Amino acid sequence: MAHQSALIEKDVLVYLQDHENKSFLRFITCGSVDDGKSTLIGRLLYDSKMIFEDQLSALEADSKKQGTQGNKIDFALLLDGLAAEREQGITIDVAYRFFSTDKRKFIVADTPGHEQYTRNMATGASTAELAVILIDARRGVLTQTRRHSYIASLLGIKHVVVAVNKMDLVGFDKEVFDAIETEYDTFAKDLGFKSIVCMPMSALEGDNIITKSNRTPWYKGAPLLPYLETIDVSSDLSDAPFRMPVQWVNRPNLDFRGFSGTIASGMVRPGDEVVVLPSAKRSTVERVVTHDGDLDRGVADQAVTLTLTDEIDISRGDVICAGQSPAEQTDQFAAHLLWMHDEALLPGRQYILKTANRMIPATVTELKHKINVNTLDHQSGKTLELNEVGVCNLSTSRPIAFDPYQDNRATGSFILIDRQSNATIGVGMIDFSLRRAQNVHWQALEVDKTARAALKHQKPCVLWFTGLSGSGKSTVANLVEKRLHDMGRHTYTLDGDNVRHGLNKDLGFTDADRVENIRRVGETSKLLVDAGMIVLVSFISPFVSERRMARELVDDGEFIEVYISTPLEVCEQRDVKGLYAKARRGEIKNFTGIDSAYEPPENAEIDIDTSEIAAERAAADIIRYLEDNGYLEG
Amino acid sequence: MTSTQINDLVTRAEQYAQSHDLSLSTVSRKLLNDGKGLSRLKSGGQLTLKTLDSAFDKLAALEAETAIPVTAGDADADRGIGQVISPEVLTHLDRLEAESIHIMREVAAEAENPVMLYSVGKDSAVMLHLAMKAFYPSKPPFPLMHVDTTWKFRDMIKFRDTIAKDLGLDLIVHINEEGVRQGVGPFTHGSQLHTDVMKTQSLKMALDKYKFDAAFGGARRDEEKSRAKERIFSFRSAQHSWDPKNQRPELWNIYNTRINNNESIRVFPLSNWTELDIWQYIYKEKIPIVPLYFAAERPVVERDGVLIMVDDDRMELAPGETPQMKSVRFRTLGCYPLTGAIESDADTLPQIIQEMLLTSTSERQGRVIDHDAAASMEKKKQEGYF
């Protein structure tokens, strides 16, 4: 790390002052396998003297042992930090590297080239301002070049350097370079980049990396590093309207109530009028508090704490916006989704959507089309697989504040989390609202759920019977409904017989269709609960996530999960409709318990095994549960 | 000379505080932009000449004021102290600071039982300082925890207890008592076994005991190759192991904090800082650090080419080995038998930074435990090492 050593030796205080005022650039390198990404970064670190002697000697030893460059130093080994990467000689995960020159400090994300690691490239791109896309001069613009350029533009990168590498292997031929430049420009003109610069180079030999190469006299532009040091990537973020997602309510004592967060865009001063979403309450900024003292203004990317002049209710998840130009609010919007997980997207399944500061349940209501990341063609499809990009409509359980991603990365992005595994399974960029959700209020009707239920002398609820085929769900549900009817209660039963033949006759038995089937049943029961009814639902409903989705559609205490836990052997032995026999013979596909999974409930309110107690006993137990918990009072 | 000036400053500041009915921390904030600054100076702390001069100027200005003393109490008095002018452009340190604060607030808001692992070193010092900033005027809503191997430098322990007391934070000190009973130590059991039992296993026991679901650590990506690939929110199984091939994608500044039962998250708010950033920030923010980082005459012996400081009498000397007094300092701090000193005269921060910038070896070089195969850190982390 011996750069600028003259100044450091002479006057370290001046050096420190300079260093403190350096600007900052985050960029990614991408390109296909063997284009020399890691070599390029290794070269940047090496030539800017960011490699220490002990690291260098370790690198030299590793190069002889595992390297691919003969006796020369293999810079790739410096970056491929995971054992598996060094063994296979490929980059799997994003590696972040740091170096600085006299003018700038850099963070570079080295991203993998293989198509199966597209998601990792997107990860690196999400925080970068510039992309260096490598092209092997011998091979020209490849499918991967297109994919990486598209992903970079999708994630909002505005500046691109096309590094035409390995020029030494084509004799530094200008025509080869010109042909690649023309081809790239033609392809990338619609990707929305603000700047595209092509450079001929050899990362291995150091041509046009730090200094101009005398082997490319025809190239008039700057070498890579000087270019990266000077390019202006400042966005319009500071001119954009003020937004601050509230992360944490700061309440040390009764006299102080502040709202802590990172300013996503714009600027805020004491005295500014602000509006808080989603409540739409207005107030004025009193102070911009930091540990170093109050600020005269807070700017984008600063972490601050605001106090307001009025006592209004604000909590984590809210967004404080400029009073004159607040963010939009919606619960239905279109977005580009990039799928990050082995388990495919299921439209209709409920996921958790996390924005900068908020987690809420959400579903993909429609996959409009997929985008072939190699050709940019639109394709139809029912699901998104790992690394696929699609344009989707999403619906959230409550409205969220947002800006379109192309206007604001911080308030236009979200991730999707699987409810079972908690894995991050998809990431999204919001395009636009499908409707002005703030205009669609639920009508506060005079006759509401409570009024309807009161007339029926009951508390509305859903009794959700789940269990294997033949477990006795319908038998027990029918008995319960008969008893309730005898007691003068108002009930309705939803089951395969009355739903599959009408409302859901367009659905089959694939996983995706099963999810949609349950979603519709859930929504129907919600309407019936709103009508004041006691609803009995009798469906196999094999997946925990969909049952949870149904549970969350209604209010707390309105969902009673009844697990008919009769074992598979008993159900199969009964085989009332002969279905198990057919499934065993392979005549029915996707049969729950045979070749499709059943996920038992973890915390069902009621658990009944009909191989142990009779159906009448079970029905009586359920009625007692309803009585004990006040559902039949009123 | 300087120490008389410091005494003078402190005395005058105390008089001013008394006559104006202000607390010393309020005056300290006015003079040094740091509420604890004066009390640190009183207990022997240091500051640069430049800061000292400016503090005297500010004090003189305050003393000259004839305004009626503010008596409305600290909170209101504080608000009078003029506003900080924001920079036109955020520097890289401003950005790193904001990113770290964002990460800490996210954990405070979403984790049920977070903890900050405090190792007493310079990175921990920066992390703790950032935590004080992140939640100001509140205190950080989590305790500090130090996994004490019982072989740390004595100066580290003293410093740790002073800092926790000064900042008024909860400090949990965890020691693997079973290891102590078995007499595990670096001299008798070797560095590997000692580190595993007293550090790695001890940490796992502590996390299990207190059921922490998120633990901050001060690791940086520039330290080591496998760290460079680790997420900021790094997910651990119920057995505390790290699966490098199955990391959650981490995009923008949106962090997935959801975990299943018994799983936990290690959070690295300093991921994107470099060694130079750390030192620069310590200098800029006047963050107190353990004196061992500064050069002083200390008793050392040379073993296998590494200078080891004789910190207590548990270190048995080999025949012919005599401790020599040498001017040395430490680039990293850990268990004293496992931490090599470097010969140096650098006893101020600028000198340390100068030396660091001109040196040609990386900071982990002084750590005896890293001298293994290239993938050793990755392996250790999979086993639960932080």
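The shown structure was predicted, so the numbers you read here are calculated from the model rather than taken from an experiment.

### Considering the state of the cysteines
Line of reasoning, step 1. Going through the model one piece at a time under the given rule, you end up with zero disulfides over all chains.
Line of reasoning, step 2. Distance from the sulfur of cysteine 30 of chain A, which forms no disulfide, to the nearest cysteine sulfur (cysteine 198 of chain A) is 13 Å.

### Digging into the pairing of strand β21 (residues 413–417) of chain A
Residue and element names in this part refer to chain A.
Line of reasoning, step 1. Judged by how many residues are buried, β21 sits mostly within the fold: five of five residues are covered.
Line of reasoning, step 2. Judged by which residues are buried, β21 turns out to be covered on both faces: Ser413, Ile415 and Ile417 on one side and Phe414 and Leu416 on the other are all buried.
Line of reasoning, step 3. The pairing of strand β17 (residues 350–354) with β21 spans three bridges and is classified as antiparallel. Counted as the bridge partner of isoleucine 352 is isoleucine 417 from β21.
Line of reasoning, step 4. In this structure, β21 lies alongside strand β22 (residues 424–433), joined through five bridges in antiparallel fashion. The partner of leucine 416 across the bridge, within β22, is glycine 426.
Line of reasoning, step 5. Where β21 folds back onto β22 in an antiparallel hairpin, the turn is made up of six residues, including asparagine 422, whose phi is positive at roughly 65 degrees.

### A short note on the pairing of strand β5 (residues 159–165) of chain A
Residue and element names in this part refer to chain A.
Line of reasoning, step 1. In terms of burial, β5 is largely enclosed, as seven of its seven residues are buried.
Line of reasoning, step 2. Burial along β5 is two-sided: the face carrying His159, Val161, Ala163 and Asn165 and the face carrying Val160, Val162 and Val164 are both buried.
Line of reasoning, step 3. The sheet contact formed by strand β4 (residues 130–136) and β5 spans seven bridges and is parallel. Counterpart to leucine 130 in the pairing with β5 is histidine 159.
Line of reasoning, step 4. In this region the chain leaves β4, passes through helix α8 (residues 143–154) and returns to the parallel neighbour β5; the handedness of that crossover is right-handed.
Line of reasoning, step 5. Where β5 and strand β6 (residues 195–200) come together, six bridges link them in parallel fashion.

### A look at the nonpolar core
Most often, soluble globular proteins keep nonpolar side chains buried together rather than apart.
Residue and element names in this part refer to chain A.
Line of reasoning, step 1. Within the largest apolar cluster, 127 residues are counted, with the highest numbers of intra-cluster contacts made by Leu155 and Tyr184.
Line of reasoning, step 2. Leave out the neighbours within four places in its chain, and tyrosine 184 touches Ile133, Ile135, Val141, Thr145, Ser149, Val160, Val162, Phe193 and Ile196.
Line of reasoning, step 3. Formed by 25 residues, the second largest nonpolar core is a distinct cluster that contains Phe106, Leu134, Leu225 and Val233.

### Focus: the side chain of threonine 330 of chain A
Line of reasoning, step 1. By the element assignment, threonine 330 of chain A lies in strand β16 (residues 328–339).
Line of reasoning, step 2. At 2.7 Å, the side chain of threonine 330 of chain A and the backbone oxygen of glutamine 332 of chain A are in polar contact.

### So, the pattern of salt bridges
Line of reasoning, step 1. Taken as a whole, this structure holds 53 salt bridges over all chains when the rule is applied.
Line of reasoning, step 2. One salt bridge in this structure joins glutamate 97 of chain B and lysine 133 of chain B, with 2.7 Å as the shortest N-O distance. Taken together, the positions of glutamate 97 of chain B in helix α6 (residues 92–110) and lysine 133 of chain B in helix α7 (residues 122–135) put the pair 36 residues apart, joining distant regions of the chain.
Line of reasoning, step 3. For glutamate 97 of chain B, a relative accessible area of 14% translates into the label buried.
Line of reasoning, step 4. Note that arginine 220 of chain B and aspartate 123 of chain B form a salt bridge whose closest N and O atoms lie 2.7 Å from each other. A residue pair is termed long-range when its members are at least 10 positions apart, and arginine 220 of chain B in the loop between β4 (214–216) and β5 (233–236) and aspartate 123 of chain B in helix α7 qualify at 97 residues. The burial state of arginine 220 of chain B is the same as that of aspartate 123 of chain B; both residues are buried.
Line of reasoning, step 5. By sharing partners, the salt bridges in this structure join Asp292 of chain A together with Glu97, Lys133, Lys284 and Glu285 of chain B into a single network.

### Some thoughts on the confidence of the model for chain A
Residues and elements named next belong to chain A.
Line of reasoning, step 1. Taken over all residues, the pLDDT of chain A has a mean of 86, while the share at 70 or more is 89%.
Line of reasoning, step 2. Here helix α6 (residues 83–88) is the element of chain A with the lowest mean pLDDT, 55, and β21 is the one with the highest, 97.
Line of reasoning, step 3. In the model, residues 437–445 has pLDDT below 50 throughout and makes six contacts with residues more than four positions away in sequence or in other chains.

### Details of the environment of tyrosine 631 of chain A
Residues and elements named next belong to chain A.
Line of reasoning, step 1. Structurally, tyrosine 631 can be placed in the segment after α19 (615–628).
Line of reasoning, step 2. Under the relative-accessibility criterion, tyrosine 631 is labelled buried at 6%.
Line of reasoning, step 3. Separated by 56 residues in the primary sequence, tyrosine 631 and aspartate 575 place their C-alpha atoms 34 Å from one another.
Line of reasoning, step 4. With residues up to four places along the chain from it excluded, the contact list for tyrosine 631 reads Gln458, Lys459, Cys461, Gly557, Ile560, Tyr625 and Leu626.

Reading the values: the criteria
- Residues numbered from 1 in each chain as written.
- Chains lettered and ligands numbered in written order.
- Predicted model: local features only at pLDDT ≥ 70, side-chain atom pairs only at ≥ 80, totals over all residues.
- Heavy atoms only, no water.
- Disulfide = S-S within 2.5 Å.
- Buried < 20%, exposed > 50% of the residue type's maximum accessible area, 1.4 Å probe, protein only.
- Helix = DSSP H or I, 4+ residues; strand = E, 2+ residues; numbered from the N terminus.
- Pairing = 2+ DSSP bridges.
- Right-handed = clockwise from strand over helix to strand, strands pointing away.
- Core = buried A, V, L, I, M, F, W, Y, C linked by side-chain atoms within 4.5 Å.
- Contact = heavy atoms within 4.5 Å.
- Polar contact = N/O pair within 3.5 Å; in protein donor to acceptor, adjacent residues only side chain to side chain.
- Salt bridge = Lys/Arg side-chain N within 4 Å of Asp/Glu carboxyl O.
- pLDDT = per-residue confidence, 0-100.

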